[in-house]
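Coordinates in review
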Amino acid sequence: MAPTFGRGAMSNAWTDIKSTDLVIVMGGNAAEAHPCGFKWVTEAKASRGAKLIVVDPRYTRTASVSDYYAPIRPGSDIAFLMGVIRWCIANDKVQWEYVTNFTNAALLVKEGFGWSDGLFTGYDEEKRDYDKADWDYQIGEDGFARVDMTLQDPRCVWNLLKTHVDVYTPEFVENVCGTPKDRFLQICEMIGECSAPDKVMTSMYALGWTQHSKGAQNIRGMAMLQLILGNIGMRGGGMNALRGHSNIQGLTDLGLMSNLIPGYLSIPTEKEPDWQTYMSSREFKPLRPGQTSYWQNYSKFMVSFMKAMWGDAATEENDWAYHYLPKLDVPTYDILRMFELMKQGQVNLYFCQGFNPLMAFPNRAKLTEALSKLKLLVVMDPLETETAHFWENHGAYNDVDPAAIQTEVLELPSTCFAEDEGALVNSGRWLQWHWPGPTPPGEAKHDTWIMANLFQKVRKLYQEEGGVFPDPILNLTWDYQDPLDPSSAELAREMNGRALRDVADPANEGATLVAAGKQVKNFTQLQDDGSTMCACWIFSGCWNEDGNNMARRDNSDPDDVGMFLNWSFAWPLNRRILYNRASADLQGRPWDPDRKLIEWTGEKWEGYDVPDIGVTSKPGEVMPFIMNQEGTSRLFTRGMMRDGPFPTHMEPFEAPIANVLNPKMRGNPVSRVFVDDAEQFATSEEFPLVATSYRLTEHFHYWTKHNKVNASLQPEFFVEISEELAAERGITRGGRVRVWGKRGEVWAKAVVTKRIKPMQCDGKTVHVVGIPLHWGFKGAAKKGWGPNTLTPFVGDANVETPEFKAFLVNIEPAAEEPVA
Amino acid sequence: MSVAPQPTTSASNPPVQPLESNLLPSDVVRASATPDLPQPDRQLTRVAKLIDVSKCIGCKACQSACVEWNDTNPAIGENTGVYENPHDLTPDMFTLMRFSEWENPATNELEWLIRKDGCMHCEDPGCLKACPAPGAIVQYSNGIVDFIHENCIGCGYCVTGCPFDIPRISKVDHKSYKCTLCSDRVAVGQGPACAKACPTKAIVFGTKDDMLAHANERVEDLKSRGYDNAGIYDPEGVGGTHVFYVLHHADKPGIYSDLPENPRISPIVEGWKGVTKTAGMAAMGVAAAGAVLMGLFTRNKVDPEEEEAAERLVQDREEG
Amino acid sequence: MRRPFYSDPADHIESTDPVRVSRYRGITRLNHWVTAFSLIVLALSGLAFFSPSLYFLTGLFGGGQIARWLHPIVGVVLFFSFLLLFLQMWRLNLPKPEDTTWLANIDGVVTGNEEKLPELGKYNAGQKFIFWAMSVLIVVLIVSGIMMWEQYFGGIVSIPTRRVATLIHSIAAVAIILVFILHVFAAFWVRGTLRAMTRGDVTGGWAWRHHRKWLREVAGRSGSGPAE
Ligand SMILES: Nc1nc2c(c(=O)[nH]1)N[C@H]1C(S)=C(S)[C@@H](COP(=O)(O)OP(=O)(O)OC[C@H]3O[C@@H](n4cnc5c(=O)[nH]c(N)nc54)[C@H](O)[C@@H]3O)O[C@H]1N2
Ligand SMILES: Nc1nc2c(c(=O)[nH]1)N[C@H]1C(S)=C(S)[C@@H](COP(=O)(O)OP(=O)(O)OC[C@H]3O[C@@H](n4cnc5c(=O)[nH]c(N)nc54)[C@H](O)[C@@H]3O)O[C@H]1N2
Ligand code: HEM
Ligand code: HEM
Ligand code: SF4
Ligand code: SF4
Ligand code: SF4
Ligand code: SF4
Ligand code: SF4
Ligand SMILES: [Mo]
């Protein structure tokens, strides 16, 4: 979403869904995985008569309350979405004024860019990468991108898009996705209605789209559709990425990725050895006249971050201690890469905090092999995880030879979120403070306590023994009252940021904006001269001089618009709907007066939400997508994504049919594939069935199986198959089956259901095997497996999310319990 | 301590001070095996829990909330090829989501009908009628039918009395268990735990009148979506219930995992508890009294001559 | 020896002056009283469930839970102990032509006008009725009772079947209690009967009066002597 809109987060809020007219749940199973958030869908249905569409390989619990359902073959969503876009264009279901002005439809693209045979220009098969030089705008003499506001120029984004989606006819969709044509068209009709300015659709999705080798492109598909319908920035509209773990949004916001710094700043690469080089590619000058291009402030956030990290040791003279930052030699050290390195024997110590990779990551055999090569594995977890016990033999459930594994394992008992104080960031970017419930049992310690104690020990070692480069450790700011136990409040205040010395008010000569030592009000007060510190700029405002804004619990909602501005704090700046400026037309009048969000009073922007635009930025001049250099959103993402500026149909690495656009193409042509893993991809000749994996409401991943109540509600590992496949293979309901793939085998109970139906794709009958993921060899529930013994070790080309949602298996009845 | 208010919604927050129960022994309108119960001097507002099947997503939050609140200990069973777990109501599972896959012949669409099963809190409760133990089952004037476990003897008559197959007898303490409509929560002004936990508000709680009004709105909405036979399931046969459903296909309750079409207390149970008892008591009374009277006033005695006759007979034989 | 028609081979003349005829061996009497005791326990506990006005009877057993637990167990005891009785007695309770005459003149029994009554074997038609009624009802009760037996058979029998079983059980229970009343009444009303079950013998006159054929046969057998 970041390449499309400028920010990679759910655009609207959970509470806003109640204002929608149409919900499409595709690429997720919101009722199952987000039951509490799903209440807003029920609310929209009950009080506004909203409709719900579900597109999923299985008839899910979400589908059970839907108005319309259509099946889809796992891994074929791009074809479906491009098909809808094609239909909307062909049937004039386009919010023209929005598209012309608020997207880059009118911008002209370089001549060199093109697409054929499923590939964009510039593909290098050797490198598995594109040369993206031509995937960009034509830049005029004025330094700005060239445009044709009439959308006539054949090189304008709009016309390129029209050409691009041309192959995705309803017949093509039916053939590739297995979705019956009449169902597809019915959905097009329902979606098409939302191109009217007073009709909105919201998209709710999660892993059904992300866990593919082209996951980011799936999302792009819907993001583009939503722009064409004019639904971004609207109340009841938006792209609602439903996040997973209660604080996974917080995790990304805080940059717990190998290539990120808090607040979506980036870790330098080896190609950026110094501060000047680093900053030169981050100046983000506007690409159209008068646009905000908010990332122009990058240096303020970055310098404030460096000051938060190293305080006085970060000075203008030493480029804010830029040399303290690690420089990446590869794009990311994501989990897949780490396990690959581990397997190659290049990792000695693995510190595993609140993560159960043995269960959660693909190709368990490989993971076990990798963990076995470690010298030390430290697991910080409130529970006994499978990962911590990977060396234990549990019969068929974990068939390892403990004597052959030399890895030393340390388990550090931590508390769990419910015993902890702090804020969780929900999908809607709300930072909601919570207070500890029960007292931690036994020797369990808060994660912060464990980390702080470890850090102090490490720092002591560096103090005493020196080391290659002790400075970043010795100089790290650690000004907590109890250095061995930083409090949540202290950490939160650090994220908000404060003035290190008096900050002058640029608007008011001589006046002070923030006095030294005071919390900044929000990130608009941050500076790049070292006078402010802020650990996570986007969170700034969460705990300022008004106090802990995340702890606010006022549920008043003037005019019932679903904004709840005084409930907790939402980043950025307590804004509830991102790009909300786009809810009004070029004059600043709401597209739909009944759905007013903010409007231009003649002098400034005002309304129910915090405007996502400079409050005095004139409506006709400054466009709504302030994070983007264009000021508009992007139907065409230039070179920002490795696998293309438009989504193009790609098959999963393990697919039942060849890519109809280019039969030679396997998976995503630019995904990173390690050599050993490539050899382990299955073909549909050996493994004819398509498997997909997912979660069930009754469990949360691999830890609620430790809870007896959850275990009683869903006690045993099962797989779901259609009645047709069951009949074909002689499988009975409740019978035991063996499911195997190229990388392993599992045994499960068979749930034989009408909710999965065979599909016809490219002349073949495609059967789907559904594999829920919640079982393992620890806990109160019955021992079982889950899908990851079977899943392929390959990720999305852009973010390395593993391809958990589409792979190949086979199935047969199994008579007995596997030998223990 | 002040008396807890009558709860009219499941959403109300827990009281922060202890409150006096609003459900008094004197609010009992019926008690099992207690024919001469004094009628209460006040009538509580009739309450009801509405289960809107069309809103339910089958998440089982209600099921786990019920386990947590009632502190039961359901067994960890196994998968038998369906989503229901446990597979039936048990003494440790007062409510159960039942899933049925139904292909609508009219539309050719698959529907996954998910119904929360549990005690319906009948206005005319068959369980109470059948129960032989005085005060083991009571009905409050707000409509809640509750099992008073210290009076329960575990005979299982309530099982045969119930038209909905709800009560379950514990193998551990041999007492009968079922949904209490969270009478212990209602008593302190709270709605049921399941209703509170339900994320989609498929379960709502309030006065029966409000719930009926709400249910009617829901039926309207469903009709507007093409469910022509949407309706309320509040069966007359048992005098209406205090837990009732909104169904998309109210004309076919059977498709919702065998919800009874026309539930009523079985005529066999009525006969057993009615005429059999009266006639039986009368017959036994008359017989016993008759026997005593006749025994008092007449007798059948052996005459001395008969003793002699016998002696003769025996002697004759011995000699002969 | 000719197979006895009207008596049990164990029946014999105990003394001749006055005449005492042994009617039941000790073991049979024990068997009878176990049966009798079981049935009383069953009736008392069963009636407690039958009617709220009799629920207080559970007090006799230490409360409802215990009564509920005990009742069916005693039911099983009753069944088996009656079965033993049955095996010993069923032949002599088979109907005979004279039973019809006896029944036709039943008013004579009640009013003490015994002239028209035929000579009888060990049991009269009334006793035979009681015997068969008890037999049939106990089978009905054990079958229906097991179907209602929540503790062990709760999950096995379908609810509609249980409903029928309960109805049948309670009707059968009423019936057997009526039969029981009749039986006990008869045992008291016909003076001299009780000792048959207490001491095991009856007087010659009692036997002459009520079961003359039986007396003749027993006496005849003694005449020839067991040593014969
Ligand atoms: N109860 C419960 N809730 C959870 C979690 C949990 O473990 N338990 N986990 C949380 C976490 S961490 C996450 S990330 C979220 C995930 O939330 P979701 O993404 O909603 O969850 P999943 O069940 O993984 O997948 C959703 C659906 O994608 C469908 N699907 C599979 N392949 C495809 C495809 O190619 N196209 C389309 N359109 N659909 C496909 C599956 O059939 C499944 O129904 O849930 C969160 N919520
Ligand atoms: N095949 C397949 N595989 C998948 C997925 C799929 O859809 N299909 N989904 C993927 C997704 S989206 C996710 S998010 C992962 C989930 O994978 P994991 O994140 O590994 O799964 P969890 O079981 O949630 O593990 C979290 C651990 O954190 C511990 N924990 C809880 N609170 C605390 C705390 O306060 N401190 C510490 N230190 N530990 C704590 C818990 O006890 C638990 O062991 O699985 C992934 N794997
Ligand atoms: C022969 C074996 C018998 C068995 C297995 C049996 C079993 C049962 C059972 C299971 C019950 C339900 C109460 C409980 O669980 O304790 C019951 C009730 C009852 N039993 Fe029996 N019983 C037997 C014999 C008898 C006999 C001989 C009588 C009568 C003397 C009798 C009279 C009753 C009565 C009156 C009830 C109450 C019925 C009602 O409430 O309508 N039972 N019996
Ligand atoms: C307090 C209760 C009882 C008393 C006082 C009693 C008394 C007697 C007496 C005196 C006899 C001997 C009659 C004779 O030999 O002509 C007798 C016989 C018999 N009794 Fe009972 N009895 C009682 C309960 C029962 C019960 C509960 C049963 C069975 C369920 C039973 C079954 C029989 C049978 C089968 C005989 C053999 C005679 C016959 O077939 O009628 N009795 N009883
Ligand atoms: S984490 Fe808990 S509160 Fe949140 S949606 Fe899931 S069940 Fe509901
Ligand atoms: S089991 Fe308990 S509640 Fe049920 S009928 Fe018997 S005594 Fe009454
Ligand atoms: S549903 Fe059954 S248990 Fe509940 S009140 Fe009605 S009869 Fe009693
Ligand atoms: S009302 Fe209470 S007892 Fe009944 S199902 Fe709900 S939570 Fe359980
Ligand atoms: S909590 Fe509500 S939505 Fe979930 S299963 Fe229960 S009734 Fe259905
Ligand atoms: Mo996740």
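Residues numbered from 1 in each chain as written. Chains lettered and ligands numbered in written order. Predicted model: local features only at pLDDT ≥ 70, side-chain atom pairs only at ≥ 80, totals over all residues. Heavy atoms only, no water.

- As recorded by an unreviewed UniProt entry, chain B carries the name Formate dehydrogenase subunit beta and is attributed to Paracoccus stylophorae.
- Checking UniProt for chain B, the heading Subcellular location (unreviewed entry) contains the comment "Cell membrane". (UniProt positions renumbered as here; feature names shortened; annotations may be inferred.)

- Per an unreviewed UniProt entry, chain A is named Formate dehydrogenase-N subunit alpha, and its organism is Paracoccus stylophorae.
- UniProt lists a comment for chain A under the heading Sequence similarities (unreviewed entry), and it reads "Belongs to the prokaryotic molybdopterin-containing oxidoreductase family."
- Regarding chain A, the UniProt comment filed under Subcellular location (unreviewed entry) reads as follows: "Cell envelope".

Some details on the overall build of chain A
- Tallying secondary structure elements over chain A gives 22 helices and 33 strands in all.
- Its C-alpha atoms put chain A at 85 × 70 × 55 Å along the principal axes.
- Across the 820 residues that make up chain A, the buried fraction comes to 61%.
- Considering only contacts within chain A whose residues lie at least 6 apart along the sequence, 71% involve residues at least 24 apart.
- Surface summary for chain A: the accessible area is close to 29800 Å², and the carbon and sulfur share equals 52%. (Helix = DSSP H or I, 4+ residues; strand = E, 2+ residues; numbered from the N terminus. Buried < 20%, exposed > 50% of the residue type's maximum accessible area, 1.4 Å probe, protein only. Contact = heavy atoms within 4.5 Å. Areas by Shrake-Rupley, 256 points an atom, 1.4 Å probe, with all protein chains shown as cover.)

A few points about the side chain of threonine 203 of chain C
- Here threonine 203 of chain C shows up in strand 3 (residues 201-203).
- Contact partners of threonine 203 of chain C, with chain neighbours within four places excluded, come to Glu307 of chain B together with Val19, Arg20 and Arg195 of chain C.

Regarding the interface of chain B and chain A
- At the junction of the two partners, chain B supplies 38 residues and chain A supplies 46 residues.
- Buried surface at the junction of chain B and chain A, summed over both partners, amounts to about 3400 Å²; 56% is from carbon and sulfur atoms.
- Considering only the surface of chain B that becomes buried against chain A, Ile76, Tyr83 and Arg225 of chain B emerge as the three largest contributors, covering 21% of it.
- Where chain B meets chain A, there are six salt bridges.
- Between lysine 60 of chain B and glutamate 698 of chain A there is a salt bridge; the shortest N-O distance is 2.8 Å.
- Our count for the chain B to chain A interface comes out at 16 residue pairs in polar contact (both at pLDDT 80 or more).
- Looking at the side of chain B that touches chain A, the elements with two or more residues in it are helix 1 (61-70), strand 3 (96-103), strand 4 (110-117) and helix 6 (208-224) of chain B.
- Of the residues contributing to the side of chain B that touches chain A, the split by class is 16 nonpolar, 11 polar and 11 charged. (Buried area = accessible area lost by both parts, 1.4 Å probe. Salt bridge = Lys/Arg side-chain N within 4 Å of Asp/Glu carboxyl O. Polar contact = N/O pair within 3.5 Å; in protein donor to acceptor, adjacent residues only side chain to side chain. Nonpolar A, V, L, I, M, F, W, Y, C, P; charged D, E, K, R; others polar.)

A word on the interface of chain C and chain B
- Tallying the contact residues gives 50 residues for chain C and 54 residues for chain B.
- Its largest share of buried area at the contact with chain B, chain C owes to Phe50, Arg163 and Arg191 of chain C, together 14% of the area lost on that side.
- Seen at the junction of chain C and chain B, the total is one salt bridge.
- Notably, a salt bridge pairs glutamate 306 of chain B with arginine 209 of chain C, separated by 3.5 Å at the nearest N-O pair.

Let's talk about the UniProt feature "domain: Molybdopterin dinucleotide-binding" (unreviewed entry) in chain A
- Annotation from UniProt places "domain: Molybdopterin dinucleotide-binding" (unreviewed entry) at residues 689-807 of chain A.
- Within the segment residues 689-807 of chain A, helix and strand shares are 11% and 31% respectively, and the terminal C-alpha atoms sit 8 Å apart.

A word on the confidence of the model for chain B
- The predicted model of chain B has a mean per-residue pLDDT of 94, with 98% of residues at 70 or higher.
- The ipTM, which scores confidence in the relative placement of chains, is 0.93 for this predicted complex, and the corresponding pTM is 0.94. (pLDDT = per-residue confidence, 0-100.)

As for the domain arrangement of chain A
Residue and element names in this part refer to chain A.
- For chain A, the assigned domains read domain 1 (14-246) and domain 2 (672-813).
- A straight line from the C-alpha centre of domain 1 to that of domain 2 covers 28 Å.
- With 29 residues of domain 1 in contact, the opposing surface of domain 2 contributes 31 residues.
- Carbon and sulfur atoms make up 57% of the area that domain 1 and domain 2 hide from each other, which totals about 2400 Å². (Domains from an automatic or database assignment.)

What about the coordination of the iron atom of ligand 3?
All names here are of chain C.
- Coordination sphere of the iron atom of ligand 3, protein contribution only: His71 (NE2) and His169 (NE2), at 2.0 Å.
- For the iron atom of ligand 3, the six donor atoms in the first shell make angles of 84 to 179° at the metal, a pattern classed as octahedral. On the criterion of sequence distance, the pair formed by histidine 71 in helix 2 (residues 64-89) and histidine 169 in helix 7 (residues 159-189) is long-range, its members being 98 residues apart. (Donors = N, O, S within 2.8 Å, 3.2 Å for Na, K, Ca; no water. Tetrahedral: all angles 85-135°; square planar, octahedral: opposite > 155°, others 65-115°.)

Points about the site of ligand 2
All names here are of chain A.
- Taken together, 30 residues sit near ligand 2, with Asn356, Ala360, Asp381, Asp447 and Asn788 positioned nearest.
- Between an oxygen atom of ligand 2 and a side-chain N or O atom of glutamine 211, the distance comes to 2.9 Å.
- One nitrogen or oxygen atom from the main chain of methionine 380 is found 3.1 Å from a nitrogen atom belonging to ligand 2.
- For ligand 2, whose unbound accessible area comes to 900 Å², protein coverage reaches 90%.
- The class makeup of the residues in the shell around ligand 2 is 14 nonpolar, 12 polar and four charged.
- Split by domain, the shell around ligand 2 shows at least three residues from each of two domains, domain 1 (14-246) and domain 2 (672-813). (Near = heavy atom within 4 Å.)

Things to note about helix 14 (residues 335-343) of chain A
All names here are of chain A.
- Among the nine residues that make up helix 14, seven are buried, leaving the element largely enclosed by the rest of the structure.
- Taken together, the buried positions of helix 14 are Leu336, Arg337, Phe339, Glu340, Leu341, Met342 and Lys343.
- In the core, the buried residues of helix 14 are packed alongside strand 12 (349-353), helix 15 (357-360), helix 16 (364-372) and helix 20 (675-679).
- If you check the start of helix 14, you find a side-chain oxygen 3.2 Å away from the backbone N of leucine 336, and it comes from aspartate 334.
- Where helix 14 terminates, the next one or two residues include glycine 345, which has phi positive at roughly 80°.

Section: the pattern of salt bridges
- On inspection of all chains with the given rule, the structure shows 74 salt bridges over all chains.
- Ionic pairing is found between glutamate 800 of chain A and arginine 672 of chain A, a salt bridge with its closest N-O pair at 3.3 Å. Taken together, the residues span a long stretch of sequence, with glutamate 800 of chain A in the loop between strand 32 (768-772) and strand 33 (807-813) and arginine 672 of chain A in the loop between strand 25 (605-607) and helix 20 at a distance of 128 residues.
- The buried category is assigned to glutamate 800 of chain A, whose relative accessible area is 11%.
- The class for arginine 672 of chain A is buried, based on a relative accessible area of 15%.
- Connected through salt bridges with shared partners, the residues Lys45 and Asp67 of chain A together with Asp52, Arg218, Asp221 and Arg225 of chain B form a single ionic network.

Let's talk about the packing of aromatic side chains
- Under the criterion given, the structure shown has 68 aromatic pairs over all chains.
- Ring centres of tyrosine 83 of chain B and tryptophan 112 of chain B lie 5.3 Å apart, and the angle between their planes is 80°; this geometry places the pair in the edge-to-face category. Taken together, the residues span a long stretch of sequence, with tyrosine 83 of chain B in the loop between helix 1 and strand 3 and tryptophan 112 of chain B in strand 4 at a distance of 29 residues. In this pair, the class of tyrosine 83 of chain B matches that of tryptophan 112 of chain B, namely buried.
- Measuring from ring centre to ring centre gives 6.0 Å for tyrosine 233 of chain B and tyrosine 245 of chain B, while their planes differ by 50°; the resulting arrangement is tilted. Placement of tyrosine 233 of chain B in strand 10 (residues 231-233) and of tyrosine 245 of chain B in strand 11 (residues 243-247) is noted, with a sequence separation of 12 residues between them.
- Since its relative accessible area comes to 0%, tyrosine 245 of chain B is described here as buried.
- Ring pairs connect the aromatic residues Trp275, Tyr278, Phe284, Tyr294, Trp295, Tyr298, Phe301, Tyr322, Phe523 and Trp537 of chain A, which therefore count as one cluster.
- Sitting over the face of the ring of tyrosine 694 of chain A, arginine 58 of chain A holds its NZ or CZ atom 3.4 Å from the ring centroid.
- For the cation-ring pair, arginine 576 of chain A lies above tryptophan 430 of chain A, with the distance from its terminal atom to the ring centre recorded as 4.9 Å. (Phe/Tyr/Trp six-rings, centres within 6.5 Å; stacked < 30°, edge-to-face > 60°. Lys NZ or Arg CZ within 6 Å of the ring centre and 35° of its normal.)

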